[in-house]
Amino acid sequence: MAAQNQMECEEEKAATLSSDTSIQASEPLLDTHIVNGERDETATAPASPTTDSCDGNASDSSYRTPGIGPVLPLEERGAETETKVQERENGESPLELEQLDQHHEMKETNEQKLHKIANELLLTERAYVNRLDLLDQVFYCKLLEEANRGSFPAEMVNKIFSNISSINAFHSKFLLPELEKRMQEWETTPRIGDILQKLAPFLKMYGEYVKGFDNAMELVKNMTERIPQFKSVVEEIQKQKICGSLTLQHHMLEPVQRIPRYEMLLKDYLRKLPPDSLDWNDAKKSLEIISTAASHSNSAIRKMENLKKLLEIYEMLGEEEDIVNPSNELIKEGQILKLAARNTSAQERYLFLFNNMLLYCVPKFSLVGSKFTVRTRVGIDGMKIVETQNEEYPHTFQVSGKERTLELQASSAQDKEEWIKALQETIDAFHQRHETFRNAIAKDNDIHSEVSTAELGKRAPRWIRDNEVTMCMKCKEPFNALTRRRHHCRACGYVVCWKCSDYKAQLEYDGGKLSKVCKDCYQIISGFTDSEEKKRKGILEIESAEVSGNSVVCSFLQYMEKSKPWQKAWCVIPKQDPLVLYMYGAPQDVRAQATIPLLGYVVDEMPRSADLPHSFKLTQSKSVHSFAADSEELKQKWLKVILLAVTGETPGGPNEHPATLDDHPEPKKKSEC
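Here is what the cut-offs are and how they apply
Residues numbered from 1 in each chain as written. Predicted model: local features only at pLDDT ≥ 70, side-chain atom pairs only at ≥ 80, totals over all residues. Heavy atoms only, no water. Helix = DSSP H or I, 4+ residues; strand = E, 2+ residues; numbered from the N terminus. Expected span 1.5 Å × (residues − 1). Buried < 20%, exposed > 50% of the residue type's maximum accessible area, 1.4 Å probe, protein only. Pairing = 2+ DSSP bridges. Axes fitted to C-alpha atoms, helices over the stretch in contact; angles between N-to-C directions. Contact = heavy atoms within 4.5 Å. Salt bridge = Lys/Arg side-chain N within 4 Å of Asp/Glu carboxyl O. Polar contact = N/O pair within 3.5 Å; in protein donor to acceptor, adjacent residues only side chain to side chain. Patch = residues over 30% accessible without salt bridge, like charges linked within 9 Å, V, L, I, M, F, W, Y side chains within 5 Å. Areas by Shrake-Rupley, 256 points an atom, 1.4 Å probe, with all protein chains shown as cover. Lys, Arg positive; Asp, Glu negative; His and termini not counted. Charge placed at Lys NZ, Arg CZ, Asp CG, Glu CD. Phe/Tyr/Trp six-rings, centres within 6.5 Å; stacked < 30°, edge-to-face > 60°.

As annotated in an unreviewed UniProt entry, the chain carries the name FYVE, RhoGEF and PH domain containing 4 and is attributed to Homo sapiens.

Shown next as structure tokens:
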């Protein structure tokens, strides 16, 4: 019986040795690949201990590596096997033996996990020290050298990097060497709590770095934009392989992220550590110290993540919108449909909601460069949200701001509810911060609410859609496709005919631009009375000859608008309305074909090669009007009057004739100006 038992022991030893050898040779080892101090378990590299990505469990045989964990020697296993056989001979049941085996395996697994956590701390610490060295010995030193040449103040560089040199010295000369030494002695001293408990108080030095982190980020941004030498040094370093295609700002974030990383690893370590372990008290004390420091870092991390998101949006908008500001906070973004006022179509749009504004964007279909174009920036101040009902288009709501009113359609009832909730909560928070309104959300039951008289021209109206009316909302005349088409008043949003919208007024919400408005809005905004308006309309209705006989300047000019062909027009600036240019088809016409309010236009006196001789242009926003005179002398007479009118000055009527009809034989009746 003794000989048989001895043979069984030898067979078990051989089987164990064969199993270990085959597993190590055939199954690839899961490695920990360090990227910026973080684990990346998708990469493979030389074998090293790891923790399972899901719950930290790893089978002993699958991930066993030389020198990792308390793997029992073969002699001990043989002795253990003999002990089991002896116990079996002593009458112990197979169930009890199986429970003993499971307890022994669990003990090995926990010890192995503790080793892996400690080893991960060491590996990430090595990578972190490399990044600290990059910040301290490369970025900081190179920028300081450039500052000493007088390119920019050295004080600014010191503010950016704060006490990074002290942090680097602590980790490279104290914490990392201690961890290196302990991992070499792990077989005899399997603990890390004592090291962290001894050195954790020094982590308080991170407080200075974290406190100045926001200002440091702002300094980097400003100096990169304004100082070419600073930008050149930073970009040259970022091109190096050691930077890993990351920016200075990304590397500066790592010290802020490191403290929460210690906290996470130490919490994991304590969960695996038996309460009766010698390392329990030290690990618990060090966790308390590190958690205090981590709370400050987490706040800075949230701010940095928000700043990184703002940078991403800034790039998506073609780097044209100035949104990268620590005070801006992204609340919500997403696709939306916008209901058109002129027809029943719904257009795809994209919204970015911030704590102080809403960006209404149009998608750009391009593979590179910006993804969106900002169509309108609507401020949260004064914004109102109204839930609307539309049978044809479900899930609609209205965003009314001072700059513009938008009628939007969400993709679902839930999406609509989320947008309304986000918008109203943002409005509420804005009002609470600025204490400008007692009621955070102004309820308005009328979905077609009109802009009040006091707000006329100051707040963008909701446009009544074309298909909602069949007649002019002012004169009540029915619309048709030829002689009475639909137009929108930019002040009140009503749909009116051309006759009722033949007025222009400066609207405050649109930056003071002259926009088409109805008669009622024109009188309110401009302050004109009915009698003054009749005089104004009388100028348009009377014969051109009468206007020309009482004008500052008049003559034939060649006229072109946008890409249309050149055409001859009889142009008049009347004395009664000296800031407006009237254009007739002929000197005897009873009504002007068009009028141009000259105030605010920019005059371009230099003709292009493609233009006619003696030409000049009037430009305002997207409106461009080109004119050409028959001679340079006539051109200069027109420019003399127009240059005064665009600035709001009233020119006096000249005694001489700027242009006589003797020069233009077409009309039968001569008119002098």
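Past the structure itself, the notes keep going.
Novice: What should I look at first to understand helix H8 (residues 213-226) in this one?
Specialist: An α-helical segment advances 3.6 residues per turn. Residues three or four places apart therefore align on the same side. Here H8 contains 14 residues, and its C-alpha end-to-end distance of 20 Å stays within 8% of the 20 Å for a straight helix at 1.5 Å per residue. Residues of H8 that are buried include every one of Phe213, Ala216, Met217, Leu219, Val220, Lys221, Asn222 and Met223, and no others.

Novice: Would you take a moment to explain the sheet that holds strand S9 (residues 405-409) for this structure?
Specialist: Whenever strands of a sheet pair, they do so through backbone hydrogen bonds, lying parallel or antiparallel. Taken together, the seven strands give an open sheet; going across it, the order is S6-S5-S4-S3-S9-S8-S7, and neighbouring strands pair in antiparallel fashion. The sheet terminates laterally at strand S6 (372-379) and strand S7 (384-387), the two strands that pair on one side only. The mean angle between the axes of side-by-side strands here comes to 35°, regardless of whether they run parallel or antiparallel. Pairing between strand S3 (residues 330-339) and S9: two bridges, direction antiparallel. For Leu337, the partnering residue across the bridge sits in S9 and is Gln409.

Novice: It is not clear to me how the pairing of strand S8 (residues 396-400) should be interpreted in this structure. Could you clarify?
Specialist: Put simply, side chains in a regular strand alternate between the two faces of the sheet. By the criterion of burial, S8 is predominantly enclosed, with five of the five residues buried. Both faces of S8 are covered, namely the face carrying Thr396, Gln398 and Ser400 and the face carrying Phe397 and Val399. Where S7 meets S8, four bridges bridge the pair, whose relative direction is antiparallel. Along S8, the bridge assignment pairs Glu387 with Phe397. Pairing analysis gives five bridges linking S8 to S9, with the strands arranged antiparallel. Paired with Val399 across the bridge in S9 is Leu406. If you look at the hairpin formed by S8 and S9, you'll find four residues sitting between the two strands.

Novice: Even after reading the chapter, I still don't get the sheet that holds strand S20 (residues 623-628), so can you show me in this structure?
Specialist: Strand order in the open sheet made by the seven strands is S17-S16-S15-S14-S20-S19-S18, with antiparallel pairing throughout. Edge positions in the sheet fall to strand S17 (594-597) and strand S18 (602-604), since each has one partner strand and no second. Mean inter-strand twist for the sheet, computed between neighbouring axes without regard to direction, equals 35°. With three bridges joining them, S18 and strand S19 (residues 615-620) adopt antiparallel strand pairing. Counterpart to Asp604 in the pairing with S19 is Lys617. Contacting strand S14 (551-561), strand S15 (567-574), strand S16 (580-584), S18 and S19, helix H16 (residues 632-645) crosses the sheet at an angle of about 105° to S14.

Novice: Explain the pattern of salt bridges here, please?
Specialist: Pairs can form between side chains of opposite charge once their charged atoms are near each other. Across all of its chains, the model carries 24 salt bridges by this definition. The salt bridge involving Glu120 is made with Arg261; its shortest N-O contact spans 2.6 Å. Taken together, the residues span a long stretch of sequence, with Glu120 in helix H3 (residues 94-148) and Arg261 in helix H10 (residues 248-272) at a distance of 141 residues. The class of Glu120 is buried, set by a relative accessible area of 3%. Judged by its relative accessible area of 7%, Arg261 is buried. Residue Arg126 is joined to Glu180 by a salt bridge in which the shortest nitrogen-to-oxygen separation is 2.9 Å. Remark: Glu180 occurs in helix H5 (residues 164-184) and Arg126 occurs in helix H3; sequence separation between them is 54 residues. For Arg126, a relative accessible area of 35% translates into the label partly exposed. Since its relative accessible area comes to 23%, Glu180 is described here as partly exposed. Because the salt bridges share partners, they merge into one network encompassing Arg182, Arg191, Asp194, Asp279 and Asp282.

Novice: Before we go on, may I ask you to explain the pairing of strand S4 (residues 346-354) in this structure?
Specialist: Pairing between S3 and S4: nine bridges, direction antiparallel. By the bridge assignment, Leu339 is partnered in S4 with Ala346. With four bridges joining them, S4 and strand S5 (residues 357-363) adopt antiparallel strand pairing. Bridged to Tyr350 within S5 is Cys361. Hairpin geometry of S4 and S5 is characterised by an intervening segment of two residues between the two adjacent antiparallel strands.

Novice: I tried to follow unusual backbone geometry on my own but got confused; where do I start?
Specialist: For Ser162, which is not glycine, the phi torsion reads 50° and is therefore positive. If you trace the backbone, Ser162 turns up in the loop between helix H4 (154-161) and H5. Although it is not a glycine, His614 sits at a positive phi angle of roughly 60°. Secondary-structure assignment places His614 in the loop between S18 and S19. For His614, a relative accessible area of 26% puts it in the partly exposed group.

Novice: Would you take a moment to explain the side chain of Glu125 for this structure?
Specialist: Checked against the element boundaries, Glu125 lands in helix H3. Engagement of the side chain of Glu125 in a polar contact is seen with the side chain of His171, the distance being 2.7 Å. Filtering out sequence-adjacent residues up to four positions away, Glu125 remains in contact with His171, Leu175, Leu176, Leu179, Arg258 and Tyr262.

Novice: Please clarify how a positive patch on the surface should be interpreted in this entry.
Specialist: A grouping of Arg375, Lys513, Lys562, Lys564 and Lys622 is seen on the molecular surface, where their side chains present a positively charged patch. Relative to the helices and strands, Arg375 is located in strand S6. Overall, the relative accessible area of 45% leaves Arg375 in the partly exposed class.

Novice: Before we go on, may I ask you to explain the packing of aromatic side chains in this structure?
Specialist: Aromatic ring pairs are described here by two measures, namely the spacing of the ring centres and the angle between the planes. If you walk through the whole model with that rule in mind, you get 11 aromatic pairs. On the basis of an interplanar angle of 75° and a centroid distance of 5.6 Å, the ring pair of Phe152 and Phe230 is categorised as edge-to-face. Taken together, the residues span a long stretch of sequence, with Phe152 in the loop between H3 and H4 and Phe230 in helix H9 (residues 228-238) at a distance of 78 residues. Side by side, Phe152 and Phe230 carry an identical accessibility label, which is buried. Centre to centre, the rings of Phe556 and Trp570 are 5.0 Å apart; their planes meet at 70°, and the pair counts as edge-to-face. On the criterion of sequence distance, the pair formed by Phe556 in strand S14 and Trp570 in strand S15 is long-range, its members being 14 residues apart.

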